[in-house]
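# Chain and residue survey
Here is what each chain is made of, one letter per residue.
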Amino acid sequence: MGPLTPRNPRLRTKYPYNDMVWKKLDPDTKGFAEIKQVIKYADDVEMCCPGLVDRFQEVAKNGKLTKDAFDNYGKPTDRAKHRAKRAKRHDLGELRQLFDTIVKAGEKDIKLADLVRHKREVNRICPELITEFSDIDQDNSCSVSWDELRVFAGGTDDWLKFQLQNIIGLDGLKDQIHQFHQSISLDKKRQAAGFDVKDAGGKYHMIFQGNPGTGKTTMGRVVAALLKRIGITQSDLLVEVQRDQLVAGYVGQTAPKTQEKIDEACAGVLFVDEAYRLSQGSKSGSDYGKEAIETLMGAMTEPPGKAPVMVFAGYPNDMASFMQANSGLYRRIAYTFDFEDYTPLDLAKILGKMAQGKGFGLSADLTSNNFEVLSRMIEEGTLPEARALMNGGICERIFTFAKQSLDGRCQASGQVSVEITAEDITMAMTRIPPPPRRDDGGDDDDD
């Protein structure tokens, strides 16, 4: 009987596969596995518990591996810690040779079919390519590029740099994220060296403050993944909520509704968007937002794993007022991250990336010399108030209207094109309406 292999690493479920492996390790149901069984089925063990064979003496007692020890080794937090240790031991030269060997001619990435064809070689050199495929595949393309594999092997520092370099602008914020990671990593090293350094006491809760469209949700996902990688949370899950998903309309319903979301996000991050609205009354005059805040505060005293790490996001001024009115929340939040507005050059790059992602392109005159022409057009053709209110969202408007201009030209000429020109951009910007005042009561798309 050959090694058991999950059909799709992206869809694997820990328990069924672990149970199948354990039945092979303990066929007589003694409640433990001896080293001879572990050696016999080493490939299967490595598939579900990478590194367990190497660490058998640490995990086993008196040469016997219990079912509890086997199950506990497979928990996400333990896998994450061992993954960080194991990844650093990979030789990049050997990994590159493996990558070039298994990638099909004419292809640039490793596909699942490649792993099946070269399973033995992969298990020998880098079994994480199978067991941690979904983590290595950063862009969720069901394939792994060399950059993704290199970043995985390089550890969390390289992974974080890779994530942030793919985000346009926000240089000050990126520095803050790097400092956050470095502080936690250094404290862990100090503790490992024997120094009596106290951690944050489980208080990793954060404020994300910035105008709409500055990428707060996107950065929230990066932070959720970072917290998992450095062992603070068990999952990179991010549950995004707003006031109406926490606050009910009748007495006694808000606390259970809020608690339900807390429980849903327990292993990861609860992202409370437009958090300041929790302090604002509803249109009907009733206000149960305070009850939601109290429920959130109760959970914030629990360490990660028993409750989620919480991120409160919103406008800078509104978030400052929100914190001043809720001193209990203020005391429980350890970190504040500032999201600056995008510059016209940032917006030009975002627009170019957006067009490319939708299968279109910008004419060469718009993108040459580091988007010089497009950046100037955006600066001169849009209102500063509109850019501050929408930030990245204004690129969505420009692209939509520019595509409509392109569609009109294609319809008139009878030719098919996917190239957006300066004429299209100019037409698009004339169609963007002036922004409303914030006190007009409009809803915000607060990303």
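Residues numbered from 1 in each chain as written. Predicted model: local features only at pLDDT ≥ 70, side-chain atom pairs only at ≥ 80, totals over all residues. Heavy atoms only, no water.

### Quick look at the pattern of salt bridges
In this structure the tally under the stated criterion is 11 salt bridges. Here Asp147 and Arg150 are joined by a salt bridge, their closest N and O atoms 3.4 Å apart. Taken together, the residues Asp147 and Arg150, both in helix 12 (residues 146–154) and 3 residues apart, mark about one turn of the helix. Classification of Arg150 by relative accessible area gives partly exposed; the value is 30%. Between Lys403 and Asp407 there is a salt bridge, with the nearest N and O atoms lying 3.1 Å from each other. Here Asp407 and Lys403 lie together in helix 23 (residues 392–413), a separation of 4 residues that amounts to about one turn. Owing to a relative accessible area of 27%, Lys403 belongs among the partly exposed residues under this scheme. (Salt bridge = Lys/Arg side-chain N within 4 Å of Asp/Glu carboxyl O. Helix = DSSP H or I, 4+ residues; strand = E, 2+ residues; numbered from the N terminus. Buried < 20%, exposed > 50% of the residue type's maximum accessible area, 1.4 Å probe, protein only.)

### Points about the nonpolar core
If you look at the biggest cluster of nonpolar residues, it comprises 61 residues, and the most contacted ones within it are Ile177, Phe208, Met219, Leu374 and Ile425. Of the residues forming this core, the biggest block, 8 residues, is contributed by helix 23. The contact partners of Ile425, leaving out residues within four places of it in the chain, are Leu351, Leu366, Leu374, Met377, Ile398, Ala402 and Ile420. (Core = buried A, V, L, I, M, F, W, Y, C linked by side-chain atoms within 4.5 Å. Contact = heavy atoms within 4.5 Å.)

### Digging into the environment of Gly210
Along the polypeptide, Gly210 turns up in strand 5 (residues 206–210). With 109 residues separating them in the primary sequence, Gly210 and Met319 have C-alpha atoms 9.2 Å apart.

### Quick word on the packing of helix 16 (residues 254–264) against helix 17 (residues 289–300)
It is at 9 Å that the axes of helix 16 and helix 17 come closest, and there the two elements cross at 40°. Between helix 16 and helix 17, the interaxial angle falls into the category oblique. In terms of crossing hand, the pair formed by helix 16 and helix 17 is right-handed. Listed contacts from helix 17 to Thr254, Ala255, Thr258, Gln259 and Ile262 of helix 16 are Glu291, Ala292, Thr295, Leu296 and Ala299. (Axes fitted to C-alpha atoms, helices over the stretch in contact; angles between N-to-C directions. Parallel < 35°, antiparallel > 145°, perpendicular 65-115°, else oblique. Left-handed = near helix turned anticlockwise from the far one by under 90°.)

### With respect to the sheet that holds strand 6 (residues 238–241)
Across the sheet, which stays open at both edges, the 5 strands sit in the order 6-7-8-5-9 with parallel pairing between neighbours. Because the sheet does not close on itself, it has two edges, and the strands there are strand 6 and strand 9 (335–339). Ignoring which end each strand starts from, the neighbouring axes of this sheet average 20° apart. Here strand 7 (residues 269–272) pairs with strand 8 (residues 309–314) via 4 bridges, running parallel. Following the sheet pairing, Val269 is matched in strand 8 by Val309. Packing of helix 14 (residues 171–192) onto the sheet brings it into contact with strand 5 and strand 9, and relative to strand 9 it is tilted by some 155°. In this fold helix 15 (residues 216–229) packs onto strand 5, strand 6, strand 7, strand 8 and strand 9, with an angle of close to 155° to the strand it touches most, strand 5. (Pairing = 2+ DSSP bridges.)

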